[in-house]
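# Structural characterization, general
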Amino acid sequence: MRRGAALLACLFFAACGGGGSGGSSTPTPPTVVAPPASTCGAGAADYMAAGDDDMAALGITCVQSVRAGKETVLQIPHGMALDKAGNTYILDRAKQVIFKLTPAGAMSVLAGSIGNYGSQDGAGGAASFNFNYQSRIIVDTAGNLIVTDTCNNTLRKITPGGVVSTLAGVTEPACEGDNGTGISRDGLGAQALFNRPAEIALDVNGDYLVIEQRAIRRVTPAGVVSRITWANDPANKQALILPSRMAVAGDGSLYVVQLARIYRIAGGLASFVAGGGNAASDDSVRDGTGAEVIFRSPRALAVDAAGDVHIGDYKTLRKMTPGGVVSTVAGDGKDGDVRDGTGAQARFSFISQLMINSSGNVLALDTGAPAIRTITPAGVVTTSAATPVTSASVDGKGGAARFNRRDGTAADAAGNLYIADYQTNLVRMVSPDGVVSVFAGHGVKGAVFTHPYSIAVGPNGTVYVVDSERISRIDGGATTTVLAHPAGGDSDVYDIAVDAEGNLAIAGYYSVSQVSSSGKVTQLITDVGYGPRDPNDFSFRPASIAYDRLGNLYVADSDSKAVYKYSKDGKLTLFAGSPGWMGDRDGPVRTAMLGFHGTVEMAFAPNGDMYLSGQGLLRKVRPDGTVSTPALAWGKPVLGGIAIGNGMLIGMTGYAVLHTPLPAD
């Protein structure tokens, strides 16, 4: 199974409509039951400590659910802020919450409910958000958190006590379908409109500066929104028109990133400072002055008291003087396991946000680790004990093993889990007792992969793997090529699935084809539509495909936010969800809503139930298409991979493999 434009909104409806909204729904928040105090023993996962309130409702404290790897509180952190008391706030887009980390190292959920997407204001877990990779946070002069709720198109305020309100903007779906109205409008509070608010910075006067599509907006603490304008210096070889990252200096000047160039806006004039273009590779990054500097991908800025600009340049930390002299402070810029050290001895995954603390050290949010790293002016890199580095590729048993954020997963009948490890070019196997080993790749079983990302297990344990060049079949100790890309006329292969007869289904960008066991390629589902406003639209954007045990093929369609069933006799019907409607409502087909927020995978239990990941929390779909959100013993993990084997439900978070017995029903 594997990763992730047109709506099919009326295709399978007798009439359009239904509950919810075109971009999100706001469910009634769950009742939070205070968990009992507990101390988990070795090998047990304490999900309540990570904010899983449903564990208390189940009467479960510690769960022996981690098969291998190390589960982490942080999954995909993208935003970070500091308050005057030394508390650190972290925005986690996978869990859709804001964490609070005290100076003593205590982590708690300040606002939001794990895995719950929405736009609800309220206190603590009653609030909901719709963050993506662009969402960021700051602490204002009054101690409130200000959050760019990117996919809701709003600016949210969170008090130190965790009470969430909408400060400005109107809630609308900004990251799906037609991306909202795409209109910006000045005004007060709900009179204002944003166009995907993203980066945010605190101005010297206490206002909030917000980057949106092709613009920078100014927002007062009272919620008055206006637009910042500037003129481009005639000496600029490229005009500043597409700001993406920014930081405010003590003198009020604004440093702004556009692609791989950095500009300074002062006195209403945007002037080029440094950067001559994107590096083609890590080896072509270059220090220097002005246009001779080459950046890899500047993703974060912070200005220190001396006026120097610190730059999170993908996997390195670099520093730029006001005169445009750039040097590399720490990081070797290479792929591989994250590590502490001095200068080029240190390694980052990728830096998404920077802060300067009261000691003058740089705090870097290392999203792929996931960890908070501290870098001294001398380039000494250390990792916060509260957020230890977990990302790595290490074989071993149980907690000794480590994983990078994974792509595809699949399980065989014995319960072994297979993982397509994109970064290491391997297929790794996790046995039912938690032993992690290399199954194929780097010559093992004759396989050499180039970034594998999708995987399926067929009859008799045959394993199929998709990488950037081909679809391979591993049978016994031999690896052969099934198809080279492209397959079935598509320019990409998104996912694969295998039925009991050995037929291989291939999900392309807009269609699904099948390769029979004899090698014949047949187109099953083809794009015949042109977009969301075409009334005859029949387009698909497959996020995942899977066969049930009867040989019916299912397509999880990220465009319509629904799951479709392609029967063995060639009939295509809506199976689950409400096409064109996004949310987390349970219920029968055309009433339930799905989210398609992350990596989507499907797996079928022996009784015909489907388990569907990538929806915030794991969803279960009965054979009649009724969707529910099951309460399972492993709590509320945010899963990407999902598989079933030997009576076990097996899931994968970013850094751990979990398992729990399949429910009896």
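Conventions we followed
Residues numbered from 1 in each chain as written. Predicted model: local features only at pLDDT ≥ 70, side-chain atom pairs only at ≥ 80, totals over all residues. Heavy atoms only, no water. Helix = DSSP H or I, 4+ residues; strand = E, 2+ residues; numbered from the N terminus. Buried < 20%, exposed > 50% of the residue type's maximum accessible area, 1.4 Å probe, protein only. Areas by Shrake-Rupley, 256 points an atom, 1.4 Å probe, with all protein chains shown as cover. pLDDT = per-residue confidence, 0-100. Contact = heavy atoms within 4.5 Å. Pairing = 2+ DSSP bridges. Core = buried A, V, L, I, M, F, W, Y, C linked by side-chain atoms within 4.5 Å. Disulfide = S-S within 2.5 Å. Axes fitted to C-alpha atoms, helices over the stretch in contact; angles between N-to-C directions. Phe/Tyr/Trp six-rings, centres within 6.5 Å; stacked < 30°, edge-to-face > 60°. Lys NZ or Arg CZ within 6 Å of the ring centre and 35° of its normal. Salt bridge = Lys/Arg side-chain N within 4 Å of Asp/Glu carboxyl O. Polar contact = N/O pair within 3.5 Å; in protein donor to acceptor, adjacent residues only side chain to side chain.

The name that an unreviewed UniProt entry assigns to the protein chain is SMP-30/Gluconolactonase/LRE-like region domain-containing protein, with the source organism given as Massilia violaceinigra.

## Some remarks on the overall build of the protein chain
Scanning the protein chain from N- to C-terminus turns up 1 helix and 54 strands. Taken across its 665 residues, the protein chain has 57% of its residues classed as buried. Accessible surface computed for the protein chain: about 24,300 Å², of which carbon and sulfur atoms make up 52%.

## Details of the confidence of the model for the protein chain
Per-residue confidence for the protein chain gives a mean pLDDT of 88; residues scoring 70 or more make up 86%. Throughout residues 3–38 the model reports pLDDT below 50, and contacts reaching past four residues in sequence, or to other chains, amount to 93 contacts. With pLDDT under 50 throughout, residues 54–61 is counted as low confidence; its partners more than four residues away or in other chains account for 23 contacts.

## Here's the deal with the pairing of strand β17 (residues 245–248)
Side chains of β17 alternate between two faces, with Arg245 and Ala247 and Met246 and Val248 buried alike. When β17 meets strand β18 (residues 254–258), the two strands line up antiparallel, connected through 4 bridges. Each residue of the ladder has a partner; that of Arg245, found in β18, is Val257. Remark: 5 residues form the turn of the hairpin made by β17 and β18, two consecutive strands paired antiparallel; Gly252 in that turn has positive phi of roughly 90°.

## Digging into unusual backbone geometry
Of note, the bond from Ala369 into Pro370 is cis; its omega dihedral lies within 30 degrees of zero at -20°. Following the sequence through the fold, Pro370 ends up in the loop between β28 (362–366) and β29 (371–375). With phi around 55°, His451 is a residue other than glycine that occupies positive phi space. Even without being glycine, Lys561 reaches a positive phi, approximately 60°. Using a relative accessible area of 6% as the deciding quantity, one classes Lys561 as buried.

## A word on the nonpolar core
Membership of the largest hydrophobic core comes to 17 residues, with the highest contact counts inside it found for Tyr554, Val563, Phe575, Met602, Met610 and Leu612. Of all the secondary-structure elements, those providing two or more residues to this core are β44 (542–547), β45 (553–557), β47 (572–577), β48 (602–604) and β49 (610–612). Residues within four places of Met610 in sequence aside, it is in contact with Tyr554, Val563, Phe575, Met602, Ala603, Phe604, Arg619, Lys620 and Val621.

## What about the state of the cysteines?
Working definition: the covalent bond between the sulfur atoms of two cysteines is a disulfide. Counted under the stated rule, the structure contains 1 disulfide. Here Cys151 engages in a disulfide with Cys175; their sulfurs sit 2.2 Å apart. Since a negative S-S torsion denotes a left-handed disulfide, the Cys151-Cys175 link at about -90° is left-handed. With Cys151 in the loop between β8 (145–149) and β9 (154–158) and Cys175 in the loop between β10 (163–168) and β11 (187–188), the pair connects residues that are 24 residues apart, well separated along the chain. According to the relative accessible area criterion, Cys151 is buried, its value standing at 7%. Using a relative accessible area of 19% as the deciding quantity, one classes Cys175 as buried.

## So, the sheet that holds strand β38 (residues 470–475)
Taking strand neighbours across the sheet as the criterion, the 4 strands line up as β36-β37-β38-β39 in an open arrangement whose pairing is antiparallel. Unpaired on one side and paired on the other, β36 (454–457) and β39 (478–484) mark the two borders of the sheet. In this sheet, adjacent strand axes meet at a mean angle of 20° when their direction is disregarded.

## Quick look at the packing of aromatic side chains
Under the counting rule described, the total for this entry stands at 7 aromatic pairs. Ring centres 4.7 Å apart and planes at 15° place the aromatic pair Phe129 and Phe131 in the stacked group. Of the two residues, Phe129 and Phe131, both sit in the buried class. Ring geometry for Tyr418 against Phe439: centres 4.9 Å apart, planes inclined by 75°, an arrangement best described as edge-to-face. With Tyr418 in strand β33 (residues 417–421) and Phe439 in strand β35 (residues 435–440), the pair connects residues that are 21 residues apart, well separated along the chain. Taken as a pair, Tyr418 and Phe439 share a single burial class, namely buried. Counting every residue linked through ring pairs, the aromatic cluster contains Tyr494, Tyr509 and Tyr510. Positioned above the aromatic ring of Tyr314 is the side chain of Lys315, whose terminal nitrogen or guanidinium carbon lies 5.0 Å from the ring centre. The side chain of Lys445 reaches across the aromatic face of Phe439, ending 4.3 Å from its centre.

## Re the pairing of β38
Two strands pair when backbone bridges link them, and strand β37 (residues 463–466) and β38 are joined in this way by 4 bridges, in the antiparallel orientation. Looking at the pairing, Val463 lines up with Ile474 of β38. Sheet topology note: the β38/β39 ladder contains 6 bridges and is antiparallel. The residue of β39 that forms the bridge with Asp475 is Ala478. Taken together, β38 and the strand that follows it, β39, pair antiparallel across an intervening segment of 2 residues, in which Gly476 is found at a positive phi of about 70°.

## Quick word on the pattern of salt bridges
Following the criterion strictly, the structure yields 23 salt bridges and no others. The shortest N-O distance in the salt bridge between Asp335 and Lys315 comes to 3.4 Å. Pair noted here: Asp335 is in the loop between β25 (325–330) and β26 (341–342) and Lys315 is in the loop between β23 (309–313) and β24 (316–320), with a separation of 20 residues, a long-range link. With a shortest N-O distance of 2.7 Å, Arg347 and Asp332 are connected by a salt bridge. Taken as a pair, Arg347 in the loop between β26 and β27 (351–356) and Asp332 in the loop between β25 and β26 lie far apart in primary sequence, 15 residues in all. For the pair Arg347 and Asp332, a shared accessibility class is recorded, and that class is buried.

## Here we look at the side chain of Gln258
Mapped onto the elements of the fold, Gln258 is located in strand β18. The buried category is assigned to Gln258, whose relative accessible area is 4%. Polar side-chain contacts of Gln258 include one of 2.9 Å to the backbone oxygen of Ala239. Side-chain polar atoms of Gln258 contact the backbone nitrogen of Leu242, separated by 2.6 Å. Residue contacts for Gln258: discarding those within four places in its chain leaves Gln238, Ala239, Leu240, Ile241, Leu242 and Tyr263.

## Section: the sheet that holds strand β13 (residues 208–212)
Backbone-to-backbone hydrogen bonds join strands into a sheet, with any given pair of strands oriented parallel or antiparallel. Spatial ordering of the open sheet is given by β11-β15-β14-β13-β12, a layout of 5 strands whose pairing is antiparallel. This sheet does not close on itself; its edge strands, each paired only once, are β11 and β12 (200–202). Note that β12 and β13 share 3 bridges and pair antiparallel. Across the sheet, Ile200 pairs through a bridge with Val210, a residue of β13.

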